[in-house]
Amino acid sequence: MTLHNKKIMNFVNGEMVEPLSGQYFETIEPATGQPYALVPDSNKDDLDRAVIAAQNAFPAWRDTPAEERAAMMNKLADLIDERQDNFIQAESKDNGKPVSLAGALDIPRGTANLRTFADAAIQFKGDVFEKDTSYTYTLRQPFGVVATISPWNLPFLLFTWKFSPALAAGNCVIAKPSEVTPMTAYMLSELINEAGFPPGVLNILHGKGANIGSAITNHPDIPTISFTGGTATGIEIYTNAAKQLKKVSLELGGKNPTIIFDDAEWDKALEGAKTAAFANQGQVCLCGSRLFIQDTIYDRFKADFIKKVETIKIGDPKDTNTQHGATVSKDHMEKVLSYIALAKEEGGTVLTGGNRRILEGRCKDGYFIEPTVIDGLPHTCRTNREEIFGPVVTLMPFSTEDEVIEMANSTDYGLAASVWTQDQNRADRVATRLENGMVWQNCWNLRDLEAPFGGFKKSGIGREGKWRAMQFFTQEKTIGRPR
Ligand code: NDP
């Protein structure tokens, strides 16, 4: 018999509730391969109940002064901060990421999201068009009940990033975290009442994408959906949502280039390229999984890069010295390993890594994959065009600016890029010509939460970020009169 020390519950209308079907499934700790909690397998009936609660809560929430909405969001952030270590440990256990990363990034960014959008609630405003003969102004009004669907790679960070602007703008929310990493969303739900939110304002439904996720997409009383996840799922959601003319925001996959010119600052470029490739076991949509190196420095940079990658400490995510934890699930580990096999079939050479890593003790059955570096592949092969979303980076030489831009742009994705050179004019020229929603110069993943975030091409539709997300979760009404 499997022992579960936790039973996760849905949060609907201010109460912890069981799924109406009574059905649960197991969630697994990736570092050990062992089940450790039960997750509600919610369905359309649970959604109907949550939608009614949200509809009932909406008029009062919409009319609540922005300062009061902001105060509740800030209070929720404070309550999480008071329990920060519990959240860090839980995120690491649920996802397989090192506690050091959960502590440096996921949990503090989650509360920063709440605070950023609490500010936005107060500061967000419409426009005024004052002319000699007319006076026109706009209101930004909430939709009513909106939904957010988020993935497993940065579970708490992306969960809060999606629902916070929706609440700040005066909507009531149905939020669905990933089935693979439900724990920190559940822990947050335990604090919603204490933060002062009225029942029905924020509802959290756990379950599977094909079941509750699809029910959300098709529900006639949810006109607006913000989704972060894979491109194939995004296309399915977009297709379903179109039938009801829903407004959707899609933040999808990436196959991001890191470009190193021969005048780049050596040590910074090496460190930056390593972090871009392997942060969070390579499971960040922004990860630089294709590393283009100018041919004049290719061999030397490659040698130093491999040396650096081999210093990454793989281990139990609970160990504070660990830099590289487990991939999120057995299925995902197998998918990543199958891409390494594909890279070899396509003629690639594995320069370091390439295998599942079996650890000793507690983590002997965990889903660990070595940081893997591959070269010898053309930029046109599948390995270099499809999103692997794991600790795998391919190296490719280039000679000119034109050539690297052509190669970097040669995928269906267009999320992010990073360019390393000390020539600012070149950095600007390249940034202008890259088909990516975000380009970082001499850095990776520089995030200003006010700045727009989102992708070109099949990396998504729409933009997030402080103001863009507030715009997304509101509809604009124009009111005019003669003067
Ligand atoms: P998925 O697309 O598999 O899942 C994302 C979310 O959608 C999950 O909550 C999932 O539920 C749900 N879902 C799955 N199927 C459906 C459906 N048919 N209808 C509605 N909802 C559904 O992505 P992953 O969780 O595997 O996340 C990894 C992907 O996310 C990568 O491609 C990555 O690039 C992308 N991503 C993009 C980011 C961006 O900002 N552009 C940021 C982070 C990740 P369940 O978990 O139950 O399957």
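Residues numbered from 1 in each chain as written. Predicted model: local features only at pLDDT ≥ 70, side-chain atom pairs only at ≥ 80, totals over all residues. Heavy atoms only, no water.

Focus: the site of the ligand
Point 1. Taken together, 32 residues sit near the ligand, with Ser150, Glu179, Thr233, Leu252 and Glu387 positioned nearest.
Point 2. Here Glu387 contributes a side-chain N or O atom positioned 2.6 Å from an oxygen atom of the ligand.
Point 3. Expressed as a share of its isolated accessible area of 890 Å², the protein-covered part of the ligand is 89%.
Point 4. Its residues assigned to classes, the shell around the ligand comprises 12 nonpolar, 14 polar and six charged.
Point 5. No fewer than three residues from each of domain 1 (6–252 + 459–482) and domain 2 (257–448) sit in the shell around the ligand. (Near = heavy atom within 4 Å. Polar contact = N/O pair within 3.5 Å; in protein donor to acceptor, adjacent residues only side chain to side chain. Areas by Shrake-Rupley, 256 points an atom, 1.4 Å probe, with all protein chains shown as cover. Nonpolar A, V, L, I, M, F, W, Y, C, P; charged D, E, K, R; others polar. Domains from an automatic or database assignment.)

Points about the domain arrangement of the protein
Point 1. Annotation of the protein at the domain level lists domain 1 (6–252 + 459–482) and domain 2 (257–448).
Point 2. The centre of domain 1, based on its C-alpha atoms, is set 30 Å off from the matching centre of domain 2.
Point 3. Here domain 1 meets domain 2 over a buried area of about 2,100 Å², counting both sides, of which 55% is carbon and sulfur.
Point 4. When residues of domain 1 are sorted by the area they lose upon contact with domain 2, Ala31, Trp152 and Ser459 head the list and together hold 24% of the total.
Point 5. Counting across the interface, domain 1 meets domain 2 through one salt bridge.
Point 6. The shortest N-O distance in the salt bridge between Glu29 and Arg362 comes to 3.1 Å.
Point 7. In this structure, the connection of domain 1 to domain 2 is made through 10 residue pairs in polar contact (both at pLDDT 80 or more).
Point 8. Sorting the residues of the side of domain 1 that touches domain 2 by element identifies β3 (24–29), α3 (84–95) and α4 (99–123) as the ones contributing at least two each.
Point 9. The element best represented in the side of domain 1 that touches domain 2 is α4, accounting for four residues. (Buried area = accessible area lost by both parts, 1.4 Å probe. Salt bridge = Lys/Arg side-chain N within 4 Å of Asp/Glu carboxyl O. Helix = DSSP H or I, 4+ residues; strand = E, 2+ residues; numbered from the N terminus.)

So, the packing of aromatic side chains
Any aromatic ring pair is given by two values, namely how distant the centres are and how the planes are angled relative to each other.
Point 1. Inspection of the entire model under this criterion finds 11 aromatic pairs.
Point 2. Taking the centre distance of 5.4 Å and the plane angle of 50° together, the rings of Phe87 and Phe156 count as tilted. Taken together, the residues span a long stretch of sequence, with Phe87 in helix α3 and Phe156 in helix α5 (residues 155–168) at a distance of 69 residues. Across this residue pair, the class does not change: Phe87 and Phe156 are buried.
Point 3. Pairing Trp266 with Phe301 gives two aromatic rings, centres 5.3 Å apart and planes at 75°, and the pair type is edge-to-face. (Phe/Tyr/Trp six-rings, centres within 6.5 Å; stacked < 30°, edge-to-face > 60°. Buried < 20%, exposed > 50% of the residue type's maximum accessible area, 1.4 Å probe, protein only.)

Overview of the sheet that holds strand β13 (residues 288–294)
Point 1. If you walk across this open sheet you meet the seven strands as β14-β17-β18-β13-β12-β20-β21, and the pairing is mixed. Only two strands of the sheet have a single partner each, and these edge strands are β14 (349–352) and β21 (438–441). With strand direction ignored, the average angle separating the axes of adjacent strands in the sheet is 25°.
Point 2. Taken strand by strand, helix α14 (residues 424–433) contacts β12 (256–260), β20 (416–420) and β21, and its axis lies near 165° from that of β21. (Pairing = 2+ DSSP bridges. Axes fitted to C-alpha atoms, helices over the stretch in contact; angles between N-to-C directions. Contact = heavy atoms within 4.5 Å.)

A few points about α14
Point 1. Buried within α14 are the following residues: Arg426, Ala427 and Val430. Burial along α14 is one-sided: seen end-on, the buried residues are contained in an arc of 100°. Summarising the geometry of α14, the exposed residues directed more than 90 degrees from the buried face are Asn425 and Thr432.
Point 2. Where α14 is buried, its residues touch β12, α13 (401–408), β20 and β21.
Point 3. Looking at where α14 begins, the residue whose side-chain oxygen comes 3.0 Å from the main-chain nitrogen of Asn425 is Asp423. (Arc of directions from axis to C-beta.)

Structural notes on the nonpolar core
Point 1. Of all hydrophobic cores here, the largest spans 103 residues; its most connected members are Ile174, Leu188, Phe197 and Leu286.
Point 2. Here this core takes nine residues from α5, the largest share from any one element.
Point 3. Residue assignment places this core across two domains, with domain 1 (6–252 + 459–482) and domain 2 (257–448) each supplying three or more.
Point 4. Membership of the second largest hydrophobic core comes to 20 residues, among which are Ile260, Phe305, Leu395 and Trp420. (Core = buried A, V, L, I, M, F, W, Y, C linked by side-chain atoms within 4.5 Å.)

Examining the pattern of salt bridges
Point 1. Inspection of every chain in the model, using the stated rule, returns 26 salt bridges.
Point 2. In this structure, Glu271 and Lys274 form a salt bridge, with 3.4 Å as the shortest nitrogen-oxygen distance. Residue Glu271 and its partner Lys274 are located together in helix α10 (residues 266–278), separated by three residues, close to a single helical turn.
Point 3. Look at Glu271 and you get partly exposed, because its relative accessible area is 32%.
Point 4. Residue classification places Lys274 among the buried residues on the basis of a relative accessible area of 14%.
Point 5. Across the pair Arg362 and Asp316 runs a salt bridge whose closest N-O atoms are separated by 2.8 Å. Taken together, the positions of Arg362 in the loop between β15 (356–357) and β16 (368–369) and Asp316 in the loop between α11 (298–309) and α12 (330–345) put the pair 46 residues apart, joining distant regions of the chain.
Point 6. Residue Arg362 is classed as partly exposed on the basis of its relative accessible area of 37%.

As for the sheet that holds strand β6 (residues 134–142)
Point 1. Reading across from one edge, β5-β6-β24 is the order of the three strands in this open sheet, with antiparallel pairing throughout. A strand with exactly one partner marks an edge of an open sheet, and here the two such strands are β5 (128–130) and β24 (474–482). Neighbouring strand axes in the sheet, compared pairwise and without regard to direction, differ in orientation by 15° on average.
Point 2. Sheet analysis places β6 next to β24, joined by nine bridges and oriented antiparallel. Bridged to Arg140 within β24 is Glu476.

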